[in-house]
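# Analysis of the macromolecular model
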Amino acid sequence: IRLISLLLLFVIALSVKADAKIPKSCFVNNKPNGYCVYASLETIGNFYKDKRLYGLVDYYSQWASSGAGTEEVRDCLGGLGVPYKIYENSTIEWLKEQVDNEIPIIVALRWPNGHHAVVVVDVTDRWVKYYDSNDTRQYHYVNREWFEWSWKNSFKSEWSVQLLR
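About the cut-offs
- Residue numbering note: each chain is counted from 1, following its sequence as written.
- Totals for whole chains, interfaces and linings use every residue, but because this is a predicted model, local features are given only for residues with pLDDT of at least 70 and side-chain atom pairs only at 80 or more, for both listing and counting.
- Side-chain numbers here rest on the full set of heavy atoms in the structure, without hydrogens or water.
- Segments assigned H or I by DSSP are reported as helices when at least four residues long, segments assigned E as strands when at least two residues long, and all are numbered from the N terminus.
- Here a residue-residue contact requires only that any non-hydrogen atoms of the pair lie within 4.5 Å.
- Exposed residues in this analysis have more than 50% of their type's maximum accessible area, buried residues have under 20%, and partly exposed residues fall in between, with area computed by a 1.4 Å probe over protein chains only.
- Pairing of N or O atoms within 3.5 Å defines a polar contact, subject to two protein rules: one partner must be a possible hydrogen donor and the other a possible acceptor, and residues neighboring in sequence count only if both atoms are side-chain atoms.
- For every residue, the pLDDT score states the predictor's confidence, bounded by 0 at the bottom and 100 at the top.
- Remark: nonpolar core denotes a set of buried residues (Ala, Val, Leu, Ile, Met, Phe, Trp, Tyr, Cys) joined through side-chain atoms within 4.5 Å.

## Quick look at the environment of Tyr141
Looking at where Tyr141 falls in the secondary structure, it is placed in strand S5 (residues 135-143). Along the chain, Tyr141 and Trp127 lie 14 residues apart, while their C-alpha atoms are 6.4 Å from each other. Those residues within four positions of Tyr141 in sequence are excluded, and the remaining contacts are Trp127, Val128 and Lys129.

Here's what the structure looks like:
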């Protein structure tokens, strides 16, 4: 019976899928007018305990912003010496592989008022789970089909940022 119990626990442990769940204590609120990328970077920085990324929203919100894209991310992370990769034309399979390996990924989505960056932490066949700096009370879940359309139709097709450890 002991052996059967141990085998059962082992099988259950193997079947539990990992995600890149970031504790709510790491969430950073966006500020009005375009700091969602910085809030996303700072959130992952909190999760990784990377002090170089602490306070990004407060720092960048001193100046007017219309959003941050590839150049702004390169300037920010390059200036701080934070290793990263920016991807365009990523695939949902690649995104799923990253979050299954507990790596949160920042993506740009098409939003009603333009574009918005969120941090994806899980992908299944039916839905995508993400953190949104505009509503840090909880994680958000969206239909995978809508997510894929929104990601493909953002300012750069399937744009994403991965912070390297």
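## Comments concerning the side chain of Asn46
On the secondary structure map, Asn46 appears in helix H2 (residues 36-48). According to the relative accessible area criterion, Asn46 is buried, its value standing at 19%. A polar atom in the side chain of Asn46 sits 3.0 Å from the backbone oxygen of Cys26. Apart from residues no more than four positions distant in its own chain, Asn46 is found in contact with Cys26, Val28 and Tyr54.

## Considerations on the confidence of the model for the protein chain
Mean pLDDT over the protein chain stands at 87; residues scoring 70 or higher make up 89%. Considering only residues more than four positions removed or in separate chains, one finds that residues 3-16, a stretch of pLDDT under 50, has 0 contacts.

## Re the nonpolar core
One finds Ile22, Tyr38, Leu41, Leu77, Ile106, Val161 and Leu163 to be the most contacted residues of the largest nonpolar core, which totals 31 residues. Elements that contribute at least two residues to this core include exactly H2, helix H3 (56-60), helix H4 (70-80), strand S2 (105-111), strand S3 (114-123) and strand S6 (160-163). Looking at this core, the element that brings in the most residues is H2, giving 7 residues. Discounting chain neighbours no more than four positions away, the residues touching Ile106 are Ser40, Leu41, Ile44, Ala117, Val118, Val119, Trp159, Ser160 and Val161. With 16 residues, the next largest nonpolar core counts Trp94, Val107, Val118 and Phe147 among its residues.

## Section: the environment of Ile105
When you line up the elements, Ile105 lands in strand S2. Assessed through its relative accessible area of 0%, Ile105 is described here as buried. Taking the C-alpha atoms as reference points, Ile105 and Val119, separated by 14 residues in sequence, lie 5.4 Å from one another. When residues no more than four places from it in sequence are discounted, the contact partners of Ile105 are Trp94, Leu95, Gln98, Val118, Val119, Val120, Ser160, Val161 and Gln162.

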